[in-house]
Amino acid sequence: MKLGKGIFLVLVLFLSVAVFGSTIKLALVAPFTGLGSILGDYIKKGALLAVDEINAAGGINGDTIELAVYDDAANPSTAANVIRRALFQDNAVAIFGPNMSSSVIGVHPLAQQAKTPMLVGATSPSFRYTVIPNDYLFRLRADDGVKVDNLVKYAVEVLGIENPGVIYGSTDYCLAAYEVAKKKFAEYGIDIAAAEQIKEGEKDATGQITKLKNAGIDGLVGLTHESEAAVSVNQMRQYQVDVPIIGFSAWGVPAFTDLAGDSAVGVYSVQGFNPIDPDPAVVEFVEKYEAKWDGEEPSDPAQAYYDGIYLIADAIAAVGTDGAALAEYLADGAEIVGVQGELKCDEHHNFTNVSLISQFDGKDWVIIDKIF
Amino acid sequence: MLQDILQNIISGASIGATYGLVGLGVVFLWLTISRINFANISSAMLGAYLFITFYGMNLGFFLSFVFSVALIALYGLGLRQFIYEPIRKRGGGRLEFVVATLMLCTFWLNLIIVAYGALPRPFPPVFGKSTDFVSIGSIKISVLYLNIYFVIAILMVLIYILLNKTLIGKSFRAAAQNREAAALMGINVKFTTSLSFMMATCVVGIAGILLAPIYFVSVELGGGAIGVKGFASAVLGGLTNPYGTILGGVCLGVLENFSTLYISSTYKDVISFSVLILVLIIKPSGIFNWKSKRV
């Protein structure tokens with residue numbers, strides 16, 4: 001009798017799965033605590049928006065996506081711990097994140113070891129496929145090498161900067177960008193007049209700006225995070241160093257303009273995303289994001305992970321949930337149109353190289369050029 | 001050249017004064033209960049977040065300020081009641097208090113992230129805009145720093161009167177030297193301890209509201225470099241001298257700017273903290289802890 005009941009329950013379970021579909025577990029690893037947590041919120045909301053849309057539309061071949069969210073506190077060792085758990089205990093089909101380049105560099109071998117695709121929004125060029133040939137590691141947005149190249153190109157060719165100053169932070173994100181900028185300026189035969197570092201958390205850049213001013217710079221390139229960008233711009237205005245300022249991607253987000261206030265007016269930035277971009281795909285994404293998240297405006301990482309979920313959904317629909325097959329498909333066959341435009345894996349394992357040059361007018365970032 | 005030097009002295013002293021202001025919270029507790037509160041800087045973060053919450057409810061500057069400081073004072077009382085006293089009564093000493101407050105600091109950081117998110121927020125321009133400045137010749141001083149100098153001046157006078165001219169000041173010192181003997185002499189040690197906790201959290205809470213336009217309303221106010229530099233300032237003042245603490249902070253700020261100006265912005269913290277360690281090795285009791293004027 002007991003055996004009969006057991007068989008009945010197994011059959012019910014089997015039929016439920018057959019009729020209602022099973023779940024596909026994806027892992028999202030991002031910072032939600034600690035000082036790097038600014039980005040975690042955007043990432044989670046962008047990814048969840050895509051997951052909910054896909055599930056509402058019937059899932060992937062009838063299976064629903066379950067997004068397990070892990071906090072890496074923007075710390076490589078914490079990232080390694082949570083990714084081990086996601087891969088080896090929770091058996092995630094794919095990992096989204098980590099989003100900090102230093103964490104990616106530390107943990108990407110785990111993805112290779114587990115033969116599970118890892119799709120990241122981190123932007124350091126130091127883990128391009130040509131540098132670290134990990135078949136399971138993919139990037140969801142333009143890397144900093146591309147963005148800094150475009151930034152320097154605009155600074156030299158359009159703004160006519162010949163004696164540039166650079167202010168940069170101390171994280172891998174900033175240091176890698178600084179190296180690319182140095183190389184790109186050198187290609188134009190231009191030496192950087194002065195390069196000063198502002199460490200994360202610093203609130204006074206008087207010494208740095210004094211040195212930049214004394215070096216006679218005719219333009220400032222900013223390669224810092226948001227808070228330090230606001231400090232630098234405020235003090236550039238305060239000490240009346242009136243030169244064009246062109247900042248990196250962290251300078252082109254609301255977190256910077258909110259903090260810098262009027263000082264941000266006139267600043268140029270290279271962006272991966274602009275919420276007032278008239279591109280229909282961007283307009284639709286912004287409307288959906290704002291509707292779901294109480295009017296909050298999305299940022300660059302939100303669109304990247306949103307696109308990423310659709311990419312993996314396309315891959316699973318095509319080849320199933322086997323990690324090796326997914327990685328192979330992502331590298332060679334995946335091709336979708338997302339918020340960022342056409343997404344296709346290039347030789348660096350980057351799915352897009354889109355970047356925008358914009359200028360802040362006191363309210364919005366006015367797009368000057370969109371480079372694909 | 002002279003202009004650069006003066007400008008960097010002024011800016012360094014200004015940012016350094018903020019370190020000193022935070023260090024005052026450390027000094028108040030050490031003066032009375034000889035304990036280091038590692039959640040000292042949390043009061044600054046709580047002060048700033050409470051202020052923008054009340055201000056966001058259209059309560060205006062004055063009421064927002066009063067309510068924020070009152071809640072921070074209550075928090076100080078709670079700190080004594082629910083952290084310090086239970087540890088003391090169960091035989092815990094300085095180390096247990098340090099560990100408990102260290103965990104409390106992390107608790108507040110994470111609670112703020114959960115409640116407000118991790119995005120730094122701009123502070124309403126109640127003290128002027130961050131780009132407003134006063135020019136003295138070619139030297140520029142931000143109006144935000146002028147407010148801080150003004151509050152520090154008032155605090156210094158109040159602290160001097162409180163510690164040197166009132167019975168409370170004597171009670172503080174007596175309780176710190178020997179709690180039991182002070183109680184036997186009729187000093188209300190419970191009241192003195194409560195007051196010191198409330199003063200410590202209040203001073204740092206007010207500092208948080210003043211610093212928010214510079215540091216933004218962010219979790220950096222509750223665990224970033226300013227907390228460490230606040231401790232460094234207090235140690236330079238020997239943990240007992242409020243005036244030495246402010247001076248210690250000012251010197252640290254100037255040292256940082258000069259390290260950037262004459263050596264390297266990359267090694268700024270390495271240089272300033274190396275000097276700090278050297279100074280402490282030479283005079284562990286605090287280089288700005290002049291005994292003749294010790295309160």
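Here the structure is a predicted model, which means the values were calculated and not measured.

(A) Structural detail: the packing of aromatic side chains. A complete count under the given rule lists 25 aromatic pairs over all chains for this structure. On the basis of an interplanar angle of 55° and a centroid distance of 4.8 Å, the ring pair of F285 of chain A and Y306 of chain A is categorised as tilted. Of this pair, F285 of chain A sits in helix α10 (residues 280-292) while Y306 of chain A sits in helix α11 (residues 300-319); the two residues are 21 residues apart in sequence, bridging distant segments of the chain. Across the pair, exposure class does not vary: F285 of chain A and Y306 of chain A are buried alike. On the basis of an interplanar angle of 65° and a centroid distance of 5.6 Å, the ring pair of F54 of chain B and F67 of chain B is categorised as edge-to-face.

(B) Structural detail: the pattern of salt bridges. Scanning all chains against the criterion turns up 22 salt bridges over all chains. Across the pair E196 of chain A and K211 of chain A runs a salt bridge, and its minimum N-O distance is 3.7 Å. One end of the pair, E196 of chain A, is in strand β7 (residues 194-197); the other, K211 of chain A, is in helix α7 (residues 206-214), and 15 residues separate them in sequence. Taking relative accessible area as the criterion, K211 of chain A reaches 22% and is therefore assigned partly exposed. Here E85 of chain B makes a salt bridge to R80 of chain B, at a shortest N to O gap of 3.0 Å. Relative accessible area serves as the criterion here: at 4%, E85 of chain B is assigned to the buried category. Judged by relative accessible area, R80 of chain B falls into the buried class, the value being 7%. A network of salt bridges, in which partner residues are shared, links D41, K45 and E296 of chain A.

(C) Structural context of empty space enclosed by the protein. Taken as a whole and judged by the stated rule, the model has four cavities of 30 Å³ or more. What the largest cavity holds in volume is close to 140 Å³. Counting only elements with at least two residues in the lining of the largest cavity, the list comes to α8 (226-238) of chain A together with α5 (143-165) and α8 (189-215) of chain B. Of the residues belonging to the lining of the largest cavity, the class tally is six nonpolar, five polar and one charged.

(D) Layout of the sheet that holds strand β10 (residues 268-271) of chain A. Residues and elements named next belong to chain A. With mixed pairing, seven strands are arranged side by side in an open sheet as β7-β6-β8-β9-β10-β13-β14. The outermost strands of the open sheet, each flanked by one partner alone, are β7 and β14 (365-371). Looking at each pair of strands side by side, their axes are set apart by 20° on average, direction ignored. Bridge count between strand β13 (residues 355-360) and β14: six bridges; the pairing is antiparallel. Bridge assignment links S355 to a residue of β14, and that residue is I371. Contacts from α7 reach β6 (164-168), β7 and β8 (219-223) within the one sheet, and its direction differs from that of β7 by about 175°.

(E) Examining the layout of surface pockets more closely. All names here are of chain A. Taken as a whole, the second largest pocket holds about 610 Å³ of empty space. Ranked by residue count, the leading element in the lining of the second largest pocket is helix α2 (residues 38-56), at seven residues. Grouping the amino acids of the lining of the second largest pocket by side-chain chemistry returns 16 nonpolar, four polar and seven charged. Each of domain 1 (2-142 + 280-353) and domain 2 (145-271) contributes no fewer than three residues to the lining of the second largest pocket.

(F) Structural view of helix α5 (residues 144-157) of chain A. Residue and element names in this part refer to chain A. Over its 14 residues, α5 runs 19 Å from end to end, which matches the ideal 20 Å to within 8%, given 1.5 Å per residue. Among the 14 residues that make up α5, 11 are buried, leaving the element largely enclosed by the rest of the structure. Those residues of α5 that fall on the buried side of the exposure criterion are D144, G145, V146, K147, V148, N150, L151, V152, Y154, A155 and V156. At the N-terminal boundary of α5, the capping side chain belongs to D143, with an oxygen 2.8 Å from the backbone nitrogen of G145.

(G) How the structure looks around the confidence of the model for chain A. Looking at chain A, the pLDDT average stands at 90 and 94% of residues meet or exceed 70. Under a pLDDT of 50 for its full length, residues 15-19 of chain A has, in the predicted model, two contacts with residues more than four places off or in other chains.

Reading the values: the criteria
- Residues numbered from 1 in each chain as written.
- Chains lettered and ligands numbered in written order.
- Predicted model: local features only at pLDDT ≥ 70, side-chain atom pairs only at ≥ 80, totals over all residues.
- Heavy atoms only, no water.
- Phe/Tyr/Trp six-rings, centres within 6.5 Å; stacked < 30°, edge-to-face > 60°.
- Helix = DSSP H or I, 4+ residues; strand = E, 2+ residues; numbered from the N terminus.
- Buried < 20%, exposed > 50% of the residue type's maximum accessible area, 1.4 Å probe, protein only.
- Salt bridge = Lys/Arg side-chain N within 4 Å of Asp/Glu carboxyl O.
- 1 Å grid on protein atoms, 1.4 Å probe; cavity = no way out; pocket = protein on both sides within 12 Å on 5 of 7 lines; lining within 4 Å.
- Points joined across faces, edges and corners; volume = space filled by probe spheres on them.
- Nonpolar A, V, L, I, M, F, W, Y, C, P; charged D, E, K, R; others polar.
- Pairing = 2+ DSSP bridges.
- Axes fitted to C-alpha atoms, helices over the stretch in contact; angles between N-to-C directions.
- Contact = heavy atoms within 4.5 Å.
- Domains from an automatic or database assignment.
- Expected span 1.5 Å × (residues − 1).
- Polar contact = N/O pair within 3.5 Å; in protein donor to acceptor, adjacent residues only side chain to side chain.
- pLDDT = per-residue confidence, 0-100.

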